[in-house]
Amino acid sequence: MAHSSSQSDPLANQFAVSSKRKLFGNLMTALVFACVVIAAIPLLSILFMVITKGLAGLSPAVFTDLPPAAGVSGGGFRNAIIGTLLTCLIGALVSVPFGVLTAVYTIEFGRGNRLSQFVSFCTNILSGVPSIIAGLFAYGVVVLTTGSFSAVAGGIALSVLMLPIIIRTAEEGFKSIPRDTRLGAVGIGATNFQSVTQIILPAAMPFIATGVTLALARAAGETAPLLFTALFNQYDAKSIWEPTATLSVLIYNFAISPYKNQQALAWVAALIVVCLILVVSILARIVSRRKVY
Amino acid sequence: MTSISPGSEETLIDSSIKFQPERLINQIFRWVTIVMAVSVGVILLWITYSLLQIALPAIQAFGLGFLTNSTWNPVEEIYGTFPQIYGTILSAFLALLFAVPLGVGVAVFLTENFLPPKVVTPIAFIMELLAAIPSVVYGLWGIFVFLPAIRPALQVINKAFGWIPFFSTVPGGRHLFGASLVLAIMILPTIVAISRDTMTSLPPQLRQGAYGLGATRWETITRVLVPAGLSGIIGSVMLALGRAVGETMALAMLVGNANKANISWFSPASTIASLIANQFGEASGLQKSSLFYGALILMILTLLVNILAQMIVGRFQQVE
């Protein structure tokens, strides 16, 4: 930086930064700091409100009771916690094998060829599909054919959103494996199937695990795709083919309800969802550090 | 990320194993992965097809007039989504108006060593956290904290500048402007993350050259670094726009769901996604079909924005 100008040397003044340019620099620096402060305020406010309002309503009953009816005090949302875990699990069961096998093709079998370029283009487009459209898709495909709103329909909707995340991280994982490993596998007579399942997949596991956790973190908070697929349920769902309550839909329903008790429960549910996502995201960071190559 | 790889050299090589069952398993496995890869494209088509299939009665009934008609009348079965399209575009535009300067400012702050990394790293982490918070929580916060907090300020603006059409209504509980501000907060992390990646990936020679010519830090940033990373920044803005257009929950909770296109930003409005979220539960027949028609328009809108974003970001990566 050219900030320091020694007073003793008359020549130095010739190269000093003029006050106008300095002012411009200081002004812009102030502006950027203001940007950071303005951007930080809403986030800190959200975190603060979710933590204080959530903790205020937190009680063991939240985990053991069913959602309260309008105007009734107390209650909890054990069915919604189970429902969120269940829909995310179904979403992962569908999208993980699908995504990992797709990445096996695009990186291991056909890296750089026409089809894998097309697939990665489709993956990018898929990741931009609005979440509500994933919900309408699952409604049209699952709800209309089975005739009932269900956790399965919700899981399918979530899997559409999880798929691009899993494909991308798995691709990164396979790319990180050096060529020598593949040559070594062929050298000892392994078929492609054997080298993928016994060498490449285990080596890419930290990346895949990161992708799965990131996808789960996204799915846990999604509401729009579940509105018309898992719907909501005041009680415990008896099977995965019935309407199922989830935390995010519960937050939506209770946030727009006029009853104070339900609004308070919405904040508690928000706290639990944010904690869940936070734990899963931190897990993803820890897992991604354990790289094999 | 999606750099052009050195082709088949990196992929697996077929070994010349002679044991038949293993060769068979190998072939099956290869075909399974091909089928899965192709299915990603099939899913995209399937999504479009299933929307189209249910939307067909509404498309036949209203045609392109659906885009310009502003009635939504379930009794007489006349539907149009002009107010929703207007609300979707205006809310996304307003959100970008606030989020882009803020996001670029934060990205510059995070990459240009204004403060030691010890201070910057937690701020970057907070920004990533912001991205992980579900939109329904933003909506909850918007209803109970943000909208009540900004209401007095908006009332002052309305009193002082009410003669400007954009501020001409007295702000009520829920309005387009507040919803757009929450939307801006939601898309901020997208802009920050990608702009930041772009700025850090610029070749260091650019910076060294500018400093060597005697440019100050800010002259370097505004005349060299930001122009050099412009396509990455524009790409991030396009991706954020895609997210803003498709965002559902926060808008459904905050925008007020008024089925009217109003010039004033302080009046309740509606977006395509919020309309679907609000009406789908009670809808049937032609109304449901119309909602799917709306979804199809939304899908096309986001597709266009996203493809454009891919092309811009892709071009930047090639230049690199």
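As the structure is a prediction and not an experimental result, all values here were calculated from the model. (Residues numbered from 1 in each chain as written. Chains lettered and ligands numbered in written order. Predicted model: local features only at pLDDT ≥ 70, side-chain atom pairs only at ≥ 80, totals over all residues.)

A.B. asks: So what's going on with the overall build of chain B? Residues and values would help.
C.D. replies: Looking only at helices and strands, chain B has eleven helices and two strands in total. Judged by the C-alpha coordinates and their principal axes, chain B covers about 70 × 65 × 30 Å. A buried classification covers 45% of the 320 residues belonging to chain B. Sequence-distant contacts in chain B: of pairs separated by 6 or more residues, those separated by 24 or more amount to 75%. (Helix = DSSP H or I, 4+ residues; strand = E, 2+ residues; numbered from the N terminus. Buried ≥ 20, exposed ≤ 12 C-beta atoms within 10 Å, placed from the backbone. Contact = placed C-beta atoms within 7 Å.)

A.B. asks: Describe the interface of chain B and chain A, with residues and values.
C.D. replies: Contact with chain B, which involves 76 residues of that partner, is made by 80 residues of chain A. Among the elements that make up the side of chain B that touches chain A, the one with the highest residue count is helix H1 (residues 20-62) of chain B (20 residues). Among the residues forming the side of chain B that touches chain A, the class breakdown is 48 nonpolar, 21 polar and seven charged. (Nonpolar A, V, L, I, M, F, W, Y, C, P; charged D, E, K, R; others polar.)

A.B. asks: Just give me the short version of the packing of helix H4 (residues 78-109) of chain A against helix H7 (residues 151-175) of chain A, but keep the residues and values in it.
C.D. replies: Residues and elements named next belong to chain A. Put simply, H4 and H7 touch, their axes get as near as 5 Å, and they point 35 degrees apart. The element H4 and its partner H7 pack so that their crossing is right-handed. When its residues are assigned to classes, the contact of H4 with H7 shows 20 nonpolar, ten polar and three charged. (Axes fitted to C-alpha atoms, helices over the stretch in contact; angles between N-to-C directions. Left-handed = near helix turned anticlockwise from the far one by under 90°.)

A.B. asks: I'd like a description of the domain arrangement of chain A, backed by residues and values.
C.D. replies: It is common to report an interface's size as the accessible area lost on association of the parts. All names here are of chain A. The domain boundaries assigned to chain A delineate domain 1 (15-57) and domain 2 (74-289). Look at where the C-alpha atoms of domain 1 and domain 2 centre, and you get two points 34 Å apart. Its residues assigned to classes, the side of domain 1 that touches domain 2 shows three nonpolar, two polar and one charged. (Domains from an automatic or database assignment.)

A.B. asks: Tell me about the confidence of the model for chain B, and please be specific about residues and values.
C.D. replies: All names here are of chain B. Scored by pLDDT, chain B has a mean of 86; 93% of the residues are at 70 or more. The least confident element of chain B is helix H3 (residues 117-132), whose mean pLDDT is 81; the most confident is helix H2 (residues 82-111), at 92. The low-confidence segment residues 1-8, where pLDDT is below 50, has seven contacts with residues more than four positions distant or belonging to other chains. Scored as a whole, the predicted complex attains pTM 0.87, and scored at its interfaces, ipTM 0.86. (pLDDT = per-residue confidence, 0-100.)

A.B. asks: Describe helix H6 (residues 131-146) of chain A, and please don't skip the residues or the numbers.
C.D. replies: Along an α-helix, residues three or four positions apart point the same way, because every turn accommodates 3.6 residues. If you check H6(A), its first and last C-alpha atoms are 22 Å apart, about what 16 residues at 1.5 Å a residue would give, namely 22 Å. Residue A:Gly147 follows H6(A) closely and has a positive phi angle near 80 degrees. (Expected span 1.5 Å × (residues − 1).)

A.B. asks: Can you tell me about unusual backbone geometry, naming the residues and giving the values?
C.D. replies: Although it is not a glycine, A:Leu231 sits at a positive phi angle of roughly 55 degrees. Mapping A:Leu231 onto the fold places it in the loop between helix H10 (224-227) and helix H11 (247-255). Even without being a glycine, B:Asn113 presents a positive backbone phi close to 55 degrees. Within the fold, B:Asn113 resides in the loop between H2 and H3. By the C-beta count within 10 Å, which is 10 here, B:Asn113 ends up exposed.

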